[in-house]
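Structure assessment
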Amino acid sequence: MTDRRTELAANLAKVEERITAACVAAGRKREEVTLIVVTKTYPASDVRILSELGVRHVAENRDQDAAPKAQACADLPLSWHFVGQLQTNKVRSVVGYADVVQSVDRSRLVTALSKEAVRAGREVGCLIQVALDADASGRGERGGVGPDGIEELADLVAAADGLRLDGLMTVAPLAGEYAGREQAAFGRLMDLSTDLRRAHPAATMVSAGMSADLEQAVAAGATHVRVGTAVLGVRPRLG
């Protein structure tokens, strides 16, 4: 465990250096960017170490892994973010621990989240997941709604009991006009965020950038970066 703590501390320090350098290069203050550590596939013991090292935001993308982990770490001062594609049959469980759901991308999900948040007596933050590779159906390869669908979905979230509209999230697309152009993709997300804040001024959160492209996200203006591999190491392949 001591070795793992040393490893995570060193990795975390390197990521902090990268974020700080990116902020300096972009003329931003370090406190403008929040680090979310994506702990998927890693055990609760790692989450506990990260908390001891000062991490306050963690993310998961599969409820079956996240729910027991969040329960095991319920005593820690953490905010839990759900970042994966969310099926409505998992909403009740996710609302039990997630402070923010970053992958809201359809009206049916908004309805389910609202119902369960009210039932649980909680307020759940929501980010609209934007698919910059959206096809004619308005959907992206890895979930999300196309830019044209943001306004309608944001209005639904803002009007829903138990939910709070926090902002936008995206994953750099692997296909389409933004493939391989992370900086341009994140810049587009910032433009969409500016549009959203005209109608919803409090929706200031912009979640973008991961281990490989956090610098481009910070340069574009992201408020939150989601880093997994660079902190926890390369994940084992799931069989």
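Looking at an unreviewed UniProt entry, one finds the protein named Pyridoxal phosphate homeostasis protein and attributed to Streptomyces sp. 900105245. As recorded by UniProt, the Sequence similarities (unreviewed entry) comment attached to the protein reads in full: "Belongs to the pyridoxal phosphate-binding protein YggS/PROSC family." Database annotation for the protein, UniProt heading Function (unreviewed entry): "Pyridoxal 5'-phosphate (PLP)-binding protein, which is involved in PLP homeostasis."

Right, let's get into the layout of surface pockets. In this approach the atoms are scanned with a rolling probe the size of a water molecule, which exposes any empty space left behind. Reported here for the largest pocket is a volume of approximately 490 Å³. Taken together, the residues that form the lining of the largest pocket break down as seven nonpolar, eight polar and five charged.

With that out of the way, let us pick up empty space enclosed by the protein. Taken as a whole and assessed by the stated rule, the structure comprises one cavity of 30 Å³ or more. Of the pockets and cavities examined, the largest cavity occupies roughly 90 Å³. Asp133, Arg142, Gly143, Val171 and Pro173 are, among the 13 residues lining the largest cavity, the residues nearest its centre. The residue makeup of the lining of the largest cavity, split by class, is seven nonpolar, three polar and three charged.

Attention now goes to the side chain of Thr39. By secondary structure assignment, the location of Thr39 is in the loop between β1 (34-38) and α2 (44-52). Engagement of the side chain of Thr39 in a polar contact is seen with the side chain of Glu60, the distance being 2.5 Å. If we ignore the near neighbours within four places in the chain, the residues touching Thr39 are Val47, Leu50, Val58, Ala59, Glu60, Lys69 and Leu232.

Below, the discussion takes up the pairing of strand β5 (residues 124-130). Across the seven residues that make up β5, a large majority, seven, are buried. Burial of β5 is two-sided: the residues Val124, Cys126, Ile128 and Val130 facing one way and the residues Gly125, Leu127 and Gln129 facing the other way are all buried. Where strand β4 (residues 100-104) lies against β5, three bridges are found, and the strand directions are parallel. Bridge pairing in β5 links Val100 to Gly125. Traced from β4 through helix α5 (residues 107-120) to β5, the parallel crossover comes out right-handed.

Cut-offs used in this document
Residues numbered from 1 in each chain as written. Predicted model: local features only at pLDDT ≥ 70, side-chain atom pairs only at ≥ 80, totals over all residues. Heavy atoms only, no water. UniProt positions renumbered as here; feature names shortened; annotations may be inferred. 1 Å grid on protein atoms, 1.4 Å probe; cavity = no way out; pocket = protein on both sides within 12 Å on 5 of 7 lines; lining within 4 Å. Points joined across faces, edges and corners; volume = space filled by probe spheres on them. Nonpolar A, V, L, I, M, F, W, Y, C, P; charged D, E, K, R; others polar. Helix = DSSP H or I, 4+ residues; strand = E, 2+ residues; numbered from the N terminus. Polar contact = N/O pair within 3.5 Å; in protein donor to acceptor, adjacent residues only side chain to side chain. Contact = heavy atoms within 4.5 Å. Buried < 20%, exposed > 50% of the residue type's maximum accessible area, 1.4 Å probe, protein only. Pairing = 2+ DSSP bridges. Right-handed = clockwise from strand over helix to strand, strands pointing away.

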